Amino acid sequence: MSPRCFLPVLIIFAAACNRAPGPPGIALMPEAPGTEDDLVAQIATASLDEDGDDLEYRFAWSQDGVLRSEFVAQILPATETA
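Every value quoted in this text rests on a predicted model; they were computed, and no experiment measured them.

Student: What exactly am I supposed to notice about the pattern of salt bridges here?
Tutor: Pairs can form between side chains of opposite charge whenever their charged atoms are close. As enumerated under the stated definition, the model contains 5 salt bridges in all. A salt bridge links Arg19 to Asp51; the nearest nitrogen and oxygen atoms lie 2.8 Å apart. Of this pair, Arg19 sits in the segment before strand S1 (25–29) while Asp51 sits in the loop between strand S2 (39–45) and strand S3 (61–63), and the two are 32 residues apart along the sequence. A residue is classified by how much of its surface remains accessible, and Asp51, at 26% relative accessible area, is partly exposed. Among the charged side chains, a salt-bridge network with shared partners connects Arg19, Glu50 and Asp51.

Laid out in structure tokens, this is it:
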């Protein structure tokens, strides 16, 4: 009878988790806008993604708590705020 050979088998289970990134810090510029100034949303502090994923920022503007879906750029024209 031939000797038996046992080899260890290592099985690794990796739980794939994709955690949501933290919120970015936002700055609204200029700090003291006039009626003829465009409003610019700037990322003051980047979001932290613990998974190391690439992030993409998208912008939306609301007026009196109501989303203005036609404005999705980083800049809100002064003609909309006067």
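Student: Hey, could you run me through the pairing of S2 in this one?
Tutor: In regular strands, side chains alternate between the two faces of the sheet. One ladder, built from 5 bridges, connects S1 with S2; its direction is antiparallel. Among the inter-strand pairings, Met29 is bridged to a residue of S2, identified as Val40.

Student: Looking at this model, I keep getting lost on the sheet that holds S2. Mind explaining?
Tutor: Each strand in a sheet pairs with another by means of backbone hydrogen bonds, the pair being arranged parallel or else antiparallel. In space, the 3 strands of this open sheet follow the order S1-S2-S5, with antiparallel pairing throughout. In this open sheet, the two strands that pair with only one neighbour each are S1 and strand S5 (75–76). Note: S2 against S5, 2 bridges, orientation antiparallel. When the sheet's bridge partners are listed, Leu39 is paired in S5 with Leu76.

The rules behind the values
- Residues numbered from 1 in each chain as written.
- Predicted model: local features only at pLDDT ≥ 70, side-chain atom pairs only at ≥ 80, totals over all residues.
- Heavy atoms only, no water.
- Salt bridge = Lys/Arg side-chain N within 4 Å of Asp/Glu carboxyl O.
- Helix = DSSP H or I, 4+ residues; strand = E, 2+ residues; numbered from the N terminus.
- Buried < 20%, exposed > 50% of the residue type's maximum accessible area, 1.4 Å probe, protein only.
- Pairing = 2+ DSSP bridges.

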